[in-house]
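Descriptive analysis of the structure
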Amino acid sequence: MSELFSVADKVVVLTGGLGQLGREFTTSLAKAGAKVAVYSRRSITAEKFEELFPGLSANVRIYEASVTDKAAIEAATDKVIADWGVPDVLVNNAGIDSKPDGGAEQNAPFEVYPQKFWDEIIDTNLTGVMLCSQVVGAKMAEKGRGSIINIGSIYGLVSPNQALYAYREARDGVPFIKAVSYAASKSGLINLTRYVATYWAEKNVRCNLISFGGVKTGSFDKEFVDNFLERVPMRRQAEKGEYNGVIQFLASDASTYMTGSNVVVDGGFTAW
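The shown structure was predicted, so the numbers you read here are calculated from the model rather than taken from an experiment.

By secondary structure assignment, the location of F5 is in the segment before β1 (11–15). Residue class for F5 comes out partly exposed when judged on its relative accessible area of 32%. When the C-alpha positions of F5 and P233 are compared, they lie 29 Å apart, and in sequence the two are 228 residues distant.

Below is the structure:
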């Protein structure tokens, strides 16, 4: 069984690998023996690399590429292939959202929500996944194997419950509406995943989605967390490391007959 779930020597492209969850995925995969190519919008110094990924320089490399720039993705992928070979796994993890402490314009009522924020979030969360899947997935298909793992959200399955955020208006005197763009981008991933899964099925390139619930990051108001946990059967947020197992499962040969699936890991939030 340990061999079945192994990712040793697999080449993994992981977007957004410098973020909180991205660092978790990068570290856990590298420690399990994978070679992880992190696609990032920014480069980092050697000192910063050692701070983020101590002792993992042999298994982790940073490639500068924005997920919204196809030419940069192509250039980075060519470098990965030259360095390590054709990727075995693509983790489409890069994503953005309106900030919990963002200004009123980012969290405006739907009727006046600015298109610029819609475009920004859709470009990264949905178009970026399509572009990375196009480029890296095509290389996998030529090899006749591969696993694409898309990172989704419970807000791709259900609409944001605006009652979770009502305390903000009561506290700040300004309406706070969880914006439509994030939910739309994550729900779009569900059918993008199915499309890619069926398109490349005969090429043995699998594509699956993981829909995550809330993660304990310390960046949310206590009022929000308390409201959120009332709607989670397990009565807690996920620890940052609790998603590593499902990532490794989908990256490994333990999931070779699994494609087009949406794996929900949310503490039961969408079960109610």
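Picking up where we left off.
Next up on the list: unusual backbone geometry. Residue N204 is not a glycine yet carries a positive backbone phi of 65°. Within the secondary structure, N204 sits in the loop between α6 (180–199) and β6 (205–212). With a relative accessible area of 43%, N204 lands in the partly exposed category. One non-glycine residue, R235, lies in the positive phi region at around 60°. Position of R235 among the secondary structure elements: in the loop between α7 (222–229) and α8 (244–251).

Let us look at the packing of helix α3 (residues 70–84) against helix α4 (residues 115–143). Running from N to C, α3 and α4 cross one another at 30°; their axes reach a closest spacing of 9 Å. The angle between α3 and α4 falls in the class roughly parallel. For the crossing formed where α3 meets α4, the hand is right-handed. For the pair α3 and α4, the contacting residues are K70, I73, E74, T77, D78 and I81 in the first and L131, C132, Q134, V135, V136 and K139 in the second. Residues that form the contact of α3 with α4 fall into these classes: six nonpolar, two polar and four charged.

Read from one edge to the other, the open sheet built from seven strands follows the order β3-β2-β1-β4-β5-β6-β7, with strand pairing classed as parallel. Looking at which strands have only one partner, the edges of the open sheet turn out to be β3 (60–64) and β7 (262–265). Each strand of the sheet is rotated relative to its neighbour by a mean of 20°, with strand direction disregarded. With five bridges joining them, β1 and strand β2 (residues 35–40) adopt parallel strand pairing. When the bridges of β2 are listed, V11 appears paired with K35. Against the sheet, helix α1 (residues 20–31) engages β1, β2, β3, β5 (146–153) and β6, with an angle of about 170° to β1.

About the criteria used
Residues numbered from 1 in each chain as written. Predicted model: local features only at pLDDT ≥ 70, side-chain atom pairs only at ≥ 80, totals over all residues. Heavy atoms only, no water. Helix = DSSP H or I, 4+ residues; strand = E, 2+ residues; numbered from the N terminus. Buried < 20%, exposed > 50% of the residue type's maximum accessible area, 1.4 Å probe, protein only. Axes fitted to C-alpha atoms, helices over the stretch in contact; angles between N-to-C directions. Parallel < 35°, antiparallel > 145°, perpendicular 65-115°, else oblique. Left-handed = near helix turned anticlockwise from the far one by under 90°. Contact = heavy atoms within 4.5 Å. Nonpolar A, V, L, I, M, F, W, Y, C, P; charged D, E, K, R; others polar. Pairing = 2+ DSSP bridges.

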